[in-house]
Amino acid sequence: MKKLKYDVTGMTCSACQAHVEKAVKNVGGVSTVNVNLLRNFMQVEFDENTADSAKIIAAVEKAGYGASEQGAEISKSSGGDELKKMKFRLISSVCFLVPLFYICMGHMVNAPIPPILSGSENMMIFTLTQLLLTVPIIALNFHFFSNGFKNLLHRAPNMDSLIAIGASAAFLYSLYGTYMMAYHMGRGDLPAAHEYMMNLYYESCGTILTLITVGKYLESKSKRKTSDAVSKLVNLAPKTAIVLRNGSETEIPASEIAVGDIFILKAGASVPCDGTVIEGSCSVDQSALTGESIPVVKNVGDTLMSASVSTGGSVKCRCDKTEKDSTLSQIIALVEDAAASKAPIARLADKISGIFVPVVIAIAIIAAAAWILFTRDFAAALKAAISVLVISCPCSLGLATPTAIMVGTGKGAQNGILIKSAESLETAHHITTVVLDKTGTCTKGIPTVSEIIPHDISERDLLTLAGSLEAYSSHPLAKSIMEFCHDKNIPQLGCTDYRETEGGGISGTIGDKTVMIGNLRLMKQNNIDPAEFVSKAEQAAENGAIPLYAAVNGKFAGIITAADPIKPTSAEAISMMKEMGLKTIMLTGDNAKTAEAIRRELDIDEVYAELLPKDKTDMINKLREKGERTAMIGDGINDAPALAAADVGMALGAGQDIAIESADIVLMKSDLRDAAEAVRLSRATMRNIKQNLFRALFYNALGIPLAAGLFFPIFKWQLNPMFGAAAMSLSSVCVVTNALRLNLFKSKKSDIPEESSTNDLQRKEVTTMKKTMFIDGMMCNHCTGMVTKVLNAIDGVSAEVSLENKCAYIELSKEVSDDVLVNAVTEAGYEVKGIE
């Protein structure tokens, strides 16, 4: 299967979206189609053997729209040119509409009308002036007619079709009235000519087109704001990189940097690609990617993420991934894919949109027929039909879901929460139970050896055998034993016949000895009895340590205990989940005593210990069978099946690639509190979508009967088409504006510093600041780089700058006056608000 994205032109409402989707689905070999009205593109997954891009584009064009395949590079187009053209059409239309409206409606408010347009003898001049002012408005907004009637001929009517039919009816009837006026005036029948003059709708035609353009312009501006998060991420990508070529520094486009190239990162510069520090040290601001406000120190061997900004120091780095494969590109792709996907709740709107326009046209015809039948008033019938056509708004229905999804996923990305699909975002709000892995999720995942208890063997010999065997394992406990042996200068011997027992431990042959290390289950499976040492292991487990049993040549040889500290943010994360009414369950392969100690400390509801990877998956399935909606949070390879089995899988960004690939949501900061924030964001987004859908459906349910004249017999209400057009425009704007309220979503996390020491999100202890300088005028990461540079240039000053908090954290190694600090920042072009 191949997945491609296409730009689609000509779509104006949800009916267009439904027609394009239907047309592409009918292409043989196409499995899934997601059309995004908000950003005018679609994502298609198809079988290359039976379908190709040309067939897909042809299907879209046959449906009356345009399509082109998106390039491989990240799109940086903002639609600014189209917005400028729309603004020109709007201003020009208003320039013609104002005098048209004045001469038609001025008499209603006793406004002075030029004498040449007054009186029965000037009726024809009055009418022709209206006609001449209306024609330019039609010409400026002719795309409504060309698109609308084209789609009508393709039997795929859309919002433009409604506007085109309504405006055309108003104009053609007015044109007919103009000719009839000329006819009666030529025969001296002024009363008959006056009757036709009173039923002209030139101002309605002009007002409908202008107000719809006003609405479209405001809607387009609002829609652009919904994708601000992606635009900001795209703009983070640096244009150039400084690489070492033949021993000298050379500046090249960032897109040309290749894997293995050595690049230089200086203070204030952005990281052009994912890489590893090979010389020097620096501090980098990763806030745009992970949401961390405090810069992170990077030393030799540490990894750098693309688009991070160096706030101090200069380093040489090796490129590990090119620009198109970088962390930034992957984040943008995830956010765009989520925006392109469709939430299950959107299916209702899609079904309504597919039949909406034909139904509205039918209602307009029925309304007109009813008015003619009961009142014999053709003018009133025409007014009712036009009002029904222009007040109906499929746009608000089509925009209700994608606008909220776009803002919600974008807001998540800004906070280091990457949501892979709209379905994941929707499902997360149903979550009732959160299932947690222990190691690396609740705990730091960096155990350290705490005690050695040898039996019939020296401590050094036990460590030599354990370290030699653990060198072949990738488990975190193996790493802790290796580091402990290294610190104790314990020699490492060769190992053969290395084996891993799932959920048990490891074994191998070292010299003439068969060595086995693992849990109590592994010992019992091999008929090894630790005897009285079990109680010592249980005591260590009750204190939160992990006991590892060792055996040599089939005989018990001792215990090595390792403690895995709990993350400082885990307790708050569990508390946040409980406040939201979520049940918490911890699953682990470790022994029950250790797991219970951690459960008590974190106040987790339930814990299940000594589980194999398949047991975790079985537990998820059992919970789902009971009706629980589950979220699984993990970071390791062994968590991948459970992540895939849960309703929503959440992987820590510092976890294994396979876990991240299996998950629906990625927590970039590896902060467990972000899991709670993801559920909160999901609930806020779904609440917003439901509000949008209710407003869109309620608006149409009320507006269409009012426009048709259903309330006329009781209240004598008949809607003027001009007010219908205004209401139609405002409905879409209101839906998009409501979605933008999601930008007000604020994190409830306290200021506990997150800690992790794995992979891309490695954090090192940063220097305590002695002064905090509050700075106004910093707009981007380049500004923070400049402020950092001027402050660090002062002797005795070490500064790190936060764009999010608009301040600089300053440590002074010697006395430096506030005036010196203020002057340095002021001369750089920024304003200092105060120093604490």
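Here the structure is shown first, and the text comes after it.
Residue indices follow the written sequence of each chain, beginning from 1 at its first position. Side-chain atom pairs in this predicted model are given and counted only at pLDDT of 80 or more, local residue features only at pLDDT of at least 70, and totals for whole chains, interfaces and linings cover all residues. Just so you know, side-chain values use all the structure's heavy atoms and leave hydrogens and water out.

Peer 1: Explanation requested: the overall build of the chain in the structure shown.
Peer 2: When you go through the chain residue by residue, the secondary structure sums to 30 helices and 28 strands. The buried label applies to any residue whose accessible area, calculated with a 1.4 Å probe on protein chains only, is under 20% of its type's maximum; exposed applies above 50%, and partly exposed to all values in between. A buried classification covers 55% of the 836 residues belonging to the chain. Long-range pairs, those at least 24 residues apart, make up 70% of the contacts in the chain with a sequence separation of at least 6. By element, 55% of the accessible surface of the chain is carried by carbon and sulfur atoms, the whole surface being about 36200 Å². Each helix is a run of DSSP H or I of at least 4 residues and each strand a run of E of at least 2, with the numbering of both proceeding from the N terminus. Whether two residues touch is decided by their heavy atoms; if any such pair falls within 4.5 Å, the residues are in contact. Using a 1.4 Å probe, accessible areas were evaluated by the Shrake-Rupley method; residue-level cover was limited to the displayed protein chains.

Peer 1: Help me understand the pattern of salt bridges, please; the structure alone is not making it clear to me.
Peer 2: Where side chains of opposite charge bring their charged atoms close, a pairing between them can arise. Salt bridges, as used here, are contacts in which a Lys or Arg side-chain nitrogen is within 4 Å of a carboxyl oxygen on Asp or Glu. Per the counting criterion, the structure on display carries 23 salt bridges. Glu606 is paired through a salt bridge with Lys583; the nearest N and O atoms lie 2.8 Å apart. Remark: Lys583 occurs in strand S20 (residues 583–587) and Glu606 occurs in strand S21 (residues 606–608); sequence separation between them is 23 residues. Classification of Glu606 as partly exposed rests on a relative accessible area of 24%. The partner of Arg600 in a salt bridge is Glu596, and the shortest N-O contact between them spans 4.0 Å. Remark: Glu596 and Arg600 occur in helix H22 (residues 592–602); sequence separation between them is 4 residues, near one turn of the helix. One network of salt bridges, with partners in common, ties together Glu572, Asp671 and Arg673.

Peer 1: Sorry if this is basic, but what is going on with unusual backbone geometry here?
Peer 2: Peptide bonds are, in most cases, trans, and in most cases residues other than glycine have a negative phi. Residues other than glycine seldom take positive phi values, yet Asn489 does so here, at roughly 60 degrees. Mapped onto the elements of the fold, Asn489 is located in the loop between helix H18 (476–487) and strand S15 (496–501). Residue Asn489 is classed as exposed on the basis of its relative accessible area, which comes to 62%. Although it is not a glycine, Asn553 adopts a positive phi angle of roughly 55 degrees. Relative to the helices and strands, Asn553 is located in the loop between strand S18 (545–552) and strand S19 (555–563). On the basis of relative accessible area, Asn553 is assigned to the partly exposed category, the value being 45%.

Peer 1: Would you take a moment to explain the packing of helix H20 (residues 533–542) against H22 for this structure?
Peer 2: When two helices pack together, their arrangement is given by the angle between the helix axes and by the axis-to-axis distance. Relative orientation of the contacting elements H20 and H22 amounts to 20 degrees, with a least axis distance of 7 Å. The angle between the axes of H20 and H22 places the two elements in the roughly parallel class. The element H20 and its partner H22 pack so that their crossing is right-handed. Within the contact between the two elements, H20 uses Glu538, Ala541 and Glu542 and H22 uses Lys593, Thr594, Ala597 and Arg600. We call Asp, Glu, Lys and Arg charged. Ala, Val, Leu, Ile, Met, Phe, Trp, Tyr, Cys and Pro are nonpolar, and the rest, Gly among them, are polar. The residue makeup of the contact of H20 with H22, split by class, is 2 nonpolar, 1 polar and 4 charged. Every angle, taken between N-to-C directions, lies between 0 and 180 degrees, and every axis is a line fitted to C-alpha atoms, over only the stretch in contact when it is a helix. Working definition: roughly parallel below 35 degrees, roughly antiparallel above 145 degrees, roughly perpendicular at 65 to 115 degrees, and oblique for all remaining angles. Note: crossing handedness is left-handed where the near helix turns anticlockwise from the far helix by less than a right angle, and right-handed where it turns clockwise.

Peer 1: Whenever I open this one, the sheet that holds S18 confuses me. Can you help?
Peer 2: Hydrogen bonds along the backbone pair up the strands of a sheet, which may run parallel or antiparallel. For two strands to pair, DSSP has to find at least two bridges joining them. Here we have 6 strands laid out as an open sheet, ordered S14-S19-S18-S17-S16-S15, and antiparallel in their pairing. Two strands bound the open sheet, and with one partner strand each, they are strand S14 (448–454) and S15. Along the sheet, successive strands turn relative to each other by an average axial angle of 20 degrees, direction set aside.

Peer 1: Would you explain the packing of aromatic side chains in this entry?
Peer 2: Two descriptors summarise a pair of aromatic rings, namely the distance from one centre to the other and the angle between the planes of the rings. In this analysis, rings of Phe, Tyr and Trp, with Trp reduced to its six-membered ring, are considered paired at centre separations within 6.5 Å, and the interplanar angle assigns stacked below 30 degrees, edge-to-face beyond 60, and tilted for intermediate values. Throughout the structure, instances matching the rule amount to 14 aromatic pairs. Seen in terms of ring centroids, Phe171 and Tyr202 are 5.9 Å apart; in terms of plane orientation they differ by 65 degrees. Their pairing is edge-to-face. Of this pair, Phe171 sits in helix H6 (residues 159–186) while Tyr202 sits in helix H8 (residues 202–226); the two residues are 31 residues apart in sequence, bridging distant segments of the chain. Note on accessibility: Phe171 and Tyr202 belong to one class, buried.

Peer 1: What should I look at first to understand the nonpolar core in this one?
Peer 2: Buried together is how nonpolar side chains tend to be arranged in soluble globular proteins. Nonpolar cores are built from buried Ala, Val, Leu, Ile, Met, Phe, Trp, Tyr and Cys residues. Side-chain atoms within 4.5 Å join them into one set. With 138 residues, the main nonpolar core has Met42 and Met577 as its most contacted residues. The dominant element in this core, judged by the number of residues it contributes, is helix H26 (residues 673–708), at 14 residues. Ignoring any residue separated from it by four or fewer positions in sequence, one finds Met42 in contact with Leu4, Lys5, Tyr6, Val8, Val20, Val24, Val33, Asn34, Val35, Ile56 and Val60.

Peer 1: Honestly, the sheet that holds strand S4 (residues 66–69) in this entry has me stumped. Any pointers?
Peer 2: Ordered in space as S2-S3-S1-S4, the 4 strands form an open sheet in which the pairing is antiparallel. In this open sheet, the two strands that pair with only one neighbour each are strand S2 (30–36) and S4. Each strand of the sheet is rotated relative to its neighbour by a mean of 25 degrees, with strand direction disregarded. In the sheet, strand S1 (residues 2–9) pairs with S4 via 4 bridges, with the strands oriented antiparallel. Note that in S4 the partner of Asp7 across the bridge is Ser68. Together, S1, S2, strand S3 (41–46) and S4 form the strand contacts of helix H2 (residues 53–62), whose direction differs from that of S4 by roughly 160 degrees.

Peer 1: For this particular structure, what's the right way to read the pairing of strand S23 (residues 648–652)?
Peer 2: Residues in a regular strand point their side chains to alternate faces of the sheet. Across the 5 residues of S23, 5 count as buried, placing the element largely inside the fold. Neither face of S23 is open: one carries Val648, Met650 and Leu652, the other Gly649 and Ala651, and all of them are buried. For strand S22 (residues 630–634) and S23, the ladder comprises 4 bridges, and the chain directions are parallel. When the sheet's bridge partners are listed, Met632 is paired in S23 with Gly649. Of the pairings in the sheet, the one linking S23 to strand S24 (residues 665–667) comprises 3 bridges and is parallel in character. Opposite Met650, over in S24, you have Ile665 as the bridge partner.

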